[in-house]
Amino acid sequence: MITENLSRNQSPNWQKSLANVVRDTDTLLELLELKPEALSYRPKNFPLRVPHSYINKMQKGNWDDPLLRQVLPTALETEQNIHFMLDPVGDKDSAQQKGILQKYHGRALILTTSHCPIHCRFCFRQHFPYDEHQAIRHEWSDCVAALAEDNSISEVILSGGDPLSLSDARLQTLCVQLEAIPHIKRLRIHTRFPLVLPERINSAFIAWISSLSLQVVMVIHANHANELCHKTPAALLQLQQAGVLLLNQSVLMKGVNDNTTALINLSNALIRHHVVPYYLHVLDRVQGAAHFEVDEPMAIALIKQLRTLLPGYMVPKLVREIAGEASKTPIG
Ligand SMILES: *Cc1c(COP(=O)(O)O)cnc(C)c1O
Ligand code: SF4
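Residues numbered from 1 in each chain as written. Chains lettered and ligands numbered in written order. Predicted model: local features only at pLDDT ≥ 70, side-chain atom pairs only at ≥ 80, totals over all residues. Heavy atoms only, no water.

Visitor: Would you take a moment to explain helix α13 (residues 296–309) for this structure?
Guide: The periodicity of an α-helix, 3.6 residues per turn, causes residues three or four positions apart to be oriented the same way. Look at α13: 20 Å from first C-alpha to last across 14 residues, which is about the 20 Å you get at 1.5 Å a residue. Among the residues of α13, those classed as buried are Ala-299, Leu-302, Ile-303 and Leu-306. Looking down the long axis of α13, one finds its buried residues gathered within 95° of arc, a one-sided arrangement. Residues of α13 that are exposed and point over 90 degrees away from its buried face: Pro-297 and Thr-308. Among the structural elements, α12 (260–272), β7 (276–281) and β8 (317–320) are those in contact with the buried residues of α13. Backbone nitrogen of Met-298 and a side-chain oxygen of the N-cap are separated by 3.1 Å at the start of α13; the cap is Asp-295. (Helix = DSSP H or I, 4+ residues; strand = E, 2+ residues; numbered from the N terminus. Expected span 1.5 Å × (residues − 1). Buried < 20%, exposed > 50% of the residue type's maximum accessible area, 1.4 Å probe, protein only. Arc of directions from axis to C-beta. Contact = heavy atoms within 4.5 Å. Polar contact = N/O pair within 3.5 Å; in protein donor to acceptor, adjacent residues only side chain to side chain.)

This is how it looks when you write it as structure tokens:
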């Protein structure tokens, strides 16, 4: 008993880890034993941000590390490309004042926070005007009232930003209200925390998740097998033991996972940890991310190859998000 209490008290405080994320290119490169480049690019609006737990999964001395590529700002981001826009998926037009995004039948997405533990250079919401929405300020009442009024909605998706940036207390305040709405059956959480800052999934969080009357689905976002190591498997196991259905979505990206081996390794790692590969998204054409794009014929060729090499349940659906469509659009 004593040792158990001790180890619980010594478990790292996730909020402290969140406060200690690396925000500076020189520090990141130093930790990776890479020589800082004098001219490294330092964007003001969407700056470098990466937790130590994620850095620990990167290979030292490797500029081409697939995890480093996801977070290191480069001057390539400043190249203008008319096909790459500020709001590629039409979120700004769909978002109601309240902070609810509803594009598809039966599920509504709440923008719960603008904060993320990590800044992913390819993120399609990196230019999103979060401040305009009430839910971001944790003014839930209008949002909850709207969901209560629409009985076609059976699933609420917590998104953002990363919803697990919110404290357990804030999540509870919102979810207690969602649980009181009879037509809402499922809570879906879109988060990278189990991968990038797994200490977030602590015993208090697990106790809360287990206590919910809603069914909980968590969609994590791993792009590479190397993300599923260190403390991440234990966090995933705890979630699974708490009855959470675990799915993964990835973005297909040049230099990160644009080859059959990387995609096979990712699916193997996910299934090993009881996570079903759900979606493989082609890159949303957001300004600053053009250098990550894999062209569509190549994407289709890769997914076709995967189908011949893996069991069907290990092959994610290759999809594109097209503004105005009634679902994600399958390709290939
Ligand atoms: C992607 C998305 C969803 C989820 O779609 P599924 O196909 O159910 O995974 C829901 N709402 C919005 C606004 C989305 O962009
Ligand atoms: S919303 Fe997701 S993809 Fe975008 S920066 Fe946050 S964690 Fe990364």
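Visitor: Looking at this structure, how should I read the site of ligand 1?
Guide: All residues adjacent to ligand 1 are Lys-103, Tyr-104, Arg-107, Leu-109, Ile-157, Arg-188, Tyr-278, Tyr-279, Glu-321 and Lys-328. A distance of 2.6 Å separates an oxygen atom of ligand 1 from a polar side-chain atom of Tyr-278. Taking a 2 Å distance to the grid points as the criterion, the majority of the atoms of ligand 1 fall inside the largest pocket. Counting only elements with at least two residues in the shell around ligand 1, the list comes to β1 (100–104), β2 (107–111) and β7. (Near = heavy atom within 4 Å. 1 Å grid on protein atoms, 1.4 Å probe; cavity = no way out; pocket = protein on both sides within 12 Å on 5 of 7 lines; lining within 4 Å. Sits in = over half its atoms within 2 Å of the grid points.)

Visitor: Sorry, what's going on with the site of ligand 2 here?
Guide: As a structural note, the neighbourhood of ligand 2 is formed by Cys-116, Ile-118, Cys-120, Cys-123, Arg-192 and His-221. Placement of ligand 2 is best described as lying within the largest pocket. In the shell around ligand 2, the residues fall into four nonpolar, one polar and one charged. (Nonpolar A, V, L, I, M, F, W, Y, C, P; charged D, E, K, R; others polar.)

Visitor: Sorry, what's going on with the confidence of the model for the protein here?
Guide: Looking at the protein, the pLDDT average stands at 93 and 96% of residues meet or exceed 70. Contacts of residues 1–7 to residues separated by more than four positions or lying in other chains number zero contacts, the stretch itself having pLDDT below 50. (pLDDT = per-residue confidence, 0-100.)

Visitor: Would you mind showing me how to read unusual backbone geometry here?
Guide: Among all residues except glycine, the phi angle is most often negative; among peptide bonds, the trans geometry is most common. In this structure, the amide linkage connecting Gly-160 to the following residue, Gly-161, adopts the cis form with an omega of 15°. Mapped onto the elements, Gly-161 comes out in the loop between β3 (155–159) and α8 (168–179). Positioned with a positive phi, His-138 is a non-glycine residue whose angle comes to about 65°. Note on placement: His-138 falls in the loop between β2 and α7 (141–149). Since its relative accessible area comes to 24%, His-138 is described here as partly exposed. Here His-230, not a glycine, exhibits a phi torsion of approximately 55°, which is positive.

Visitor: Just checking my understanding: could you explain the domain arrangement of the protein for this structure?
Guide: How big an interface is tends to be stated in terms of the accessible area lost upon association of its parts. In terms of domain boundaries, the protein breaks down into domain 1 (13–78) and domain 2 (92–330). The C-alpha centroid of domain 2 is placed 22 Å from the C-alpha centroid of domain 1. At the junction of the two partners, domain 1 supplies 27 residues and domain 2 supplies 35 residues. Carbon and sulfur atoms make up 60% of the area that domain 1 and domain 2 hide from each other, which totals about 2,600 Å². The interface formed by domain 1 and domain 2 includes one salt bridge. (Domains from an automatic or database assignment. Buried area = accessible area lost by both parts, 1.4 Å probe. Salt bridge = Lys/Arg side-chain N within 4 Å of Asp/Glu carboxyl O.)

Visitor: Teacher, can you tell me more about the packing of aromatic side chains here?
Guide: One pair of aromatic rings is described through two measures. These are the centre distance and the angle between the planes. Summed over all chains, the structure comprises five aromatic pairs. Measuring from ring centre to ring centre gives 6.1 Å for Trp-14 and Phe-193, while their planes differ by 85°; the resulting arrangement is edge-to-face. Within this pair, whereas Trp-14 is found in helix α2 (residues 14–19), its partner Phe-193 is found in helix α9 (residues 193–196), the two being separated by 179 residues in sequence. Residue Trp-14 is classed as buried on the basis of its relative accessible area, which comes to 5%. Taking relative accessible area as the criterion, Phe-193 reaches 0% and is therefore assigned buried. For the pair Phe-205 and Trp-208, a centre-to-centre distance of 5.8 Å together with 55° between the ring planes defines the contact as tilted. Of this pair, Phe-205 and Trp-208 both sit in helix α10 (residues 203–211), three residues apart, which is roughly one turn of that helix. The two residues Phe-205 and Trp-208 agree in class, both being buried. (Phe/Tyr/Trp six-rings, centres within 6.5 Å; stacked < 30°, edge-to-face > 60°.)

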